[in-house]
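The residues making up each chain are set out below.
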Amino acid sequence: MDFIAGAIGGGLSTAVGYPLDTVKVRIQTEGHYNGIWHCVQETYRTEKVWGFYKGVSASVLSVSAISSVSFGMYKNFLCNICKLRYGAADAKPSKLDVSLAGGAAGAARVVLMTPSEVAKVRMQTQRNAHPSVASPQPVSKPKYRGSLHCLKVIAKEEGFGGLYKGCSALLCRDCSSSAIYFLTYSALCDWLTPAGKNKPGFLVVLLSGGFAGVLAWGLATPMDVIKSRMQTDESDQHKYKGLVHCARESVRKEGAKVLFKGLGLNCIRAFPVNMVVFVTYEAVLRFTDHY
C-alpha cells in the first residue's frame, strides 16, 4: 500500500510544482537570466503558458512511479533494518535507522529516475517560440516533439549511456537528500505530535512534509545544478567529461555561487509540493486502514 500511496502523492505534487521546476532548470543551465522573475517573463513572452509545462505528461507518470518506489522502498528498508536490529519489523526505529532507510530508498530510485530526468531537462531547456500573428517567419520545428520522442532521439544519437547522463550527480543528490528528507519528516512528526496520540494530525503532516522538502532541497541544490548541466550536454557538445569536471568547469567560469543557482526557487517549490506528497500519502494509508 505504501507504493500506491507514494504514487498518488507524487503525481499530484508534480502538477503543483512543475512550472517552478521548469524555471529552476532554465536558471541552472542558462546564464542569460537576471533572476527568477526575468526567467518567468521571458518564458511567457516567447512560449506562453505551455513553455512552463514542457515534458509534464511524462514527468507526472515518472514521478508517480519514482515516488511509489521511494516511499515503498523506504518502508521496506526500514522494516528490514528494524527486524535485523530489534527483532521486530514494527519496532520503533532510531534516527539512524530512518536516515539509512531514506538514503537506500534514494539510491534505489535513481535507476528508474535518470532517463525521465534527462528527457525532462532536455524538454524544459528546448527553445521553440510560440507562433505569433505579427511574425511572418515560420516557427522552426523543435528537435524533441515530446518526452517519449526525446528519449528515442537521445538513445539513437547518444546510445544507452545518453539516457543515464548525470546519473552520478543524481545518485549523490538523492542518497543524501532522501536521508535528510525522511529523517526531518519523522523527527518533526514525533516532536509536534502530542503525547498519547498514535498518529500525527494532518496539520502536523503538512508542516513536517513542507519543512522536510525545504531542508532536503537546500542540501540537494549543488548536485542538482551539476546534474542539470550534465544532462543538457548533448552528443555534439561534449562540454563535460563527468561529475567532477562539470563542477570544476562551472565554478571556474561562474564562481562558487553557480552551485546555488535556483536554491531559493527549489525551497519555495519544495514546501507546497512536499506538503501535497505527505498529506496525500498519509491520507491514502489511513483511508485503506479504515476500510
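Throughout this document, residue positions are counted from 1 along each chain, in the order its sequence is written. This being a predicted model, a pLDDT of at least 70 is required before a residue's local features are given, and a value of 80 or more before pairs of side-chain atoms are given or counted; all residues contribute to the totals for chains, interfaces and linings. Heavy atoms from the whole structure form the basis of all side-chain values; hydrogens and water molecules are not counted.

- Per an unreviewed UniProt entry, the protein chain is named Solute carrier family 25 member 47, and its organism is Cathartes aura.
- Looking at the Subcellular location (unreviewed entry) heading of the UniProt record, one finds this comment for the protein chain: "Mitochondrion inner membrane".
- UniProt positions are given in the numbering used here, feature names are shortened, and annotations may be inferred rather than shown by experiment. If you open the UniProt record of the protein chain and go to Sequence similarities (unreviewed entry), you find "Belongs to the mitochondrial carrier (TC 2.A.29) family."

1. With respect to the layout of surface pockets
Next, step 1: Put simply, the grid is 1 Å and covers the protein atoms alone, a cavity is a trapped set of points that fit a 1.4 Å probe, a pocket is an open set with protein on both sides within 12 Å along at least five of seven lines, and lining residues have an atom within 4 Å of a point. Grid points are joined across faces, edges and corners, and a volume is the space filled by probe spheres set on the points. By volume, the largest pocket amounts to about 1,000 Å³.
Next, step 2: Taken together, 31 residues form the lining of the largest pocket, with Lys75, Leu78, Asp190, Pro200 and Glu282 sitting closest to its centre.
Next, step 3: Here a helix means four or more residues in a row that DSSP labels H or I, a strand means two or more in a row labelled E, and each is numbered from the N terminus. Secondary structure elements with two or more residues in the lining of the largest pocket: α3 (56-86), α4 (95-125), α6 (167-192) and α9 (263-290).

2. Thoughts on a positive patch on the surface
Next, step 1: Nonpolar side chains (Val, Leu, Ile, Met, Phe, Trp, Tyr) within 5 Å and like charges within 9 Å form the patches, drawn only from residues with over 30% relative accessible area and no salt bridge. Residue burial considers only the protein chains on display, and all accessible areas are found by Shrake-Rupley using a 1.4 Å probe. We define a salt bridge as a contact between a side-chain nitrogen of Lys or Arg and a carboxyl oxygen of Asp or Glu at a distance within 4 Å. Counted as positive: Lys and Arg. Counted as negative: Asp and Glu, with His and the chain ends omitted from the count. Charge positions are represented by NZ for Lys, CZ for Arg, CG for Asp and CD for Glu. Taken together, the side chains of Lys141, Arg145, Lys152 and Lys156 make up a positively charged region of the molecular surface.
Next, step 2: Residue placement: Lys152 occurs in helix α5 (residues 147-158).

3. Quick notes on helix α2 (residues 36-47)
Next, step 1: Helix span, expected: 1.5 Å multiplied by one less than the number of residues in the helix. Compared with the 16 Å implied by 1.5 Å per residue over twelve residues, the 16 Å span of α2 between its first and last C-alpha is a close match.
Next, step 2: For α2, the full list of buried residues reads Cys39, Thr43 and Glu47. Down the axis of α2, the buried set is contained in an arc of 30°. They therefore lie on one face. Exposed residues on α2 whose side chains face more than 90 degrees from its buried face are Trp37 and Arg45.
Next, step 3: Just beyond α2, the residue with positive phi is Lys48, at close to 60°. Burial classes follow relative accessibility: with a 1.4 Å probe on protein chains only, a residue under 20% of its type's maximum area counts as buried, one over 50% as exposed, and anything between as partly exposed. Each direction from the helix axis to a C-beta atom contributes to the arc, which is the arc of those directions.

4. A short note on the packing of helix α7 (residues 202-232) against helix α8 (residues 243-254)
Next, step 1: Relative orientation of the contacting elements α7 and α8 amounts to 100°, with a least axis distance of 10 Å. Judged by the angle between their axes, α7 and α8 are roughly perpendicular. Of the residues in α8, those touching α7 at Met223, Ile226, Arg229 and Met230 are Leu243, Cys246, Ala247, Ser250 and Glu254.
Next, step 2: Residue composition of the contact of α7 with α8, grouped by class: six nonpolar, one polar and two charged. Throughout, an axis means a line fitted to C-alpha atoms (over the contacting stretch in the case of helices), and angles, computed between N-to-C directions, take values from 0 to 180 degrees. We call two directions roughly parallel when the angle between them is under 35 degrees, roughly antiparallel when it is over 145, roughly perpendicular when it lies between 65 and 115, and oblique otherwise. For this analysis, residues touch if any pair of their heavy atoms sits within 4.5 Å. Each residue receives one of three labels: charged for Asp, Glu, Lys and Arg, nonpolar for Ala, Val, Leu, Ile, Met, Phe, Trp, Tyr, Cys and Pro, and polar for the others, Gly being one of them.

5. Comments concerning the pattern of salt bridges
Next, step 1: For the structure shown, the criterion picks out 20 salt bridges.
Next, step 2: We note a salt bridge from Arg45 to Glu42, for which the minimum N-O separation is 2.9 Å. Separated by three residues within a single helix, Arg45 and Glu42 lie in helix α2, roughly one turn from each other.
Next, step 3: Given a relative accessible area of 25%, Glu42 falls into the partly exposed group.
Next, step 4: Of the charged contacts in the structure, one is a salt bridge between Glu254 and Lys261, with a shortest N-O distance of 3.2 Å.
Next, step 5: Through salt bridges with shared partners, a single network forms among Asp21, Lys24, Arg109, Lys120, Arg173, Asp174, Asp224 and Arg269.

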